[in-house]
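Residue-level structure breakdown
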Amino acid sequence: MRPILLILWLAAALFLYTSCGAGRTAAPRPQDSNYLEPYILIGESGKSVKRTASDIIGRLFMQNFQILGKYAPADDPGRFVIVVTNPDLLNAVQGSKPAAALAAVVRIAITREGEMTYVSCQNPDYWASACLQEDYLSAAEPIALFKQDLLAAMPRMRGRFNRPFGNSQGHPLTAEALHDYRFQRGAESLNDLVNLAIFDSFEGAVAAIEKRLAASRLITKVFGMTVPGRQVMLFGLALGGDSGEKRILTLLDADRLKRTASLPYELLVSGNRVAMLPVRFRLPLSFPDMDRKTYRRLEALEGDISSLMTTLVE
């Protein structure tokens, strides 16, 4: 690399390392490890999205990870997501409520920004705190082990940061606050799952969803994961059309450092019940720095996403 290009690259990387927003100044972070952010900026690969994805997948196959699915959110060639789990995460959700399955998968994201290709992932501590709730403390050790192993499994990159990000508005969240996360008083929480349908059996519910996914023109299955030994299955779904992922990203993902790892959206089968997370819980949890004006705009989006999901069970 030419010296001038190296200087420009280092300046850009340092800017993103120290500021997660576009056109805003990152608020000071409390110096307390109890404060959690939803994502981790792992590094900058210096390669194309396709080559970076290939390198990561190759490394994960050599480690103790199961790749559940991969896709390009909103069919954007500048974004790619790899969904993974491993025995540590699966063990962490055993014995918890069905919605804890949401913490048994982690998304690794690759995002092209100008000449940079950034690798990020969900912060397992943040998402486990929100999805395991009061069971988080008992699962903290295997979750920490997963996080350590995942970061260690990443391939060599041009820049390595391992920096948490995703909440730049100065409203830090502790693990305890995430146990009953709501965007504001009276808003939905994890305990307000939206029931979509009741089937005769778990097997019948899964079979019906798989059949309708195969025929759907707007929803694509990214992954399906069954919690071992339990009648709990988590689907990750790519939502197409003008009211799906494209609208989510246009409305919410405007910062310079993208939250590509916020997708895909989930559908949960527990026993014979099919449910989804409330949009006004799931999206603020993914974008906790959204302002109240944006939050109010989620009402219309909630209706559109609920309608899409209902096509799989009606």
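So, here's what we can say about the structure. (Residues numbered from 1 in each chain as written. Predicted model: local features only at pLDDT ≥ 70, side-chain atom pairs only at ≥ 80, totals over all residues. Heavy atoms only, no water.)

Taking 1.5 Å per residue, 14 residues should reach 20 Å; helix 2 (residues 49–62) reaches 20 Å between its end C-alpha atoms and fits that length. Looking at helix 2, one finds that the buried residues are Val 49, Thr 52, Ala 53, Ile 56, Ile 57 and Leu 60. For helix 2, the angular spread of the buried residues around the axis is 130 degrees, confining them to a single face. Along helix 2, exposed side chains directed more than 90 degrees from the buried face belong to Lys 50, Phe 61 and Met 62. Against strand 3 (66–71), strand 4 (79–85), strand 5 (106–113), strand 6 (116–122) and helix 5 (136–153) lie the buried residues of helix 2. (Helix = DSSP H or I, 4+ residues; strand = E, 2+ residues; numbered from the N terminus. Expected span 1.5 Å × (residues − 1). Buried < 20%, exposed > 50% of the residue type's maximum accessible area, 1.4 Å probe, protein only. Arc of directions from axis to C-beta. Contact = heavy atoms within 4.5 Å.)

Read across the sheet, six strands follow the order 3-4-5-6-2-7 without closing on themselves; strand pairing throughout is antiparallel. Edge positions in the open sheet fall to strand 3 and strand 7 (159–165), since each of these has one partner strand only. Pairs of neighbouring strands in the sheet enclose a mean axial angle of 20 degrees, with direction left out of account. For strand 3 and strand 4, the ladder comprises five bridges, and the chain directions are antiparallel. Following the sheet pairing, Tyr 71 is matched in strand 4 by Val 81. (Pairing = 2+ DSSP bridges. Axes fitted to C-alpha atoms, helices over the stretch in contact; angles between N-to-C directions.)

With that settled, consider the packing of helix 4 (residues 124–132) against helix 5. The geometry of helix 4 relative to helix 5 is characterised by a closest axis approach of 10 Å and an angle of 155 degrees between their N-to-C directions. Our classification of the angle between helix 4 and helix 5 gives roughly antiparallel. Between helix 4 and helix 5 the crossing geometry is right-handed. Taking contact as the criterion, the partners of Pro 124, Asp 125, Ala 128, Ser 129 and Leu 132 in helix 4 are, on helix 5, Tyr 136, Ala 139, Ile 143, Phe 146 and Lys 147. Here the residues of the contact of helix 4 with helix 5 sort into seven nonpolar, one polar and two charged. (Parallel < 35°, antiparallel > 145°, perpendicular 65-115°, else oblique. Left-handed = near helix turned anticlockwise from the far one by under 90°. Nonpolar A, V, L, I, M, F, W, Y, C, P; charged D, E, K, R; others polar.)

A separate point is the packing of aromatic side chains. Counted according to the given criterion, the structure contains six aromatic pairs. For the ring pair Tyr 39 and Trp 127, a centre distance of 6.4 Å and an interplane angle of 55 degrees mean the geometry is tilted. A residue pair is termed long-range when its members are at least 10 positions apart, and Tyr 39 in strand 2 (residues 39–44) and Trp 127 in helix 4 qualify at 88 residues. Accessibility expressed as a relative area gives 7% for Trp 127, which makes it buried. When the centroid spacing of 5.6 Å and the interplanar angle of 35 degrees are considered together, the rings of Tyr 39 and Phe 165 count as tilted. In this pair, Tyr 39 sits in strand 2 while Phe 165 sits in strand 7, placing the two residues 126 residues apart along the sequence. Residue Tyr 39 shares its accessibility class with Phe 165, and that shared class is buried. One aromatic cluster is present, built from ring pairs that chain together Tyr 39, Tyr 126, Trp 127 and Phe 165. Between the NZ or CZ atom of Arg 282 and the centre of the ring of Tyr 265, over which it lies, the distance is 5.1 Å. (Phe/Tyr/Trp six-rings, centres within 6.5 Å; stacked < 30°, edge-to-face > 60°. Lys NZ or Arg CZ within 6 Å of the ring centre and 35° of its normal.)

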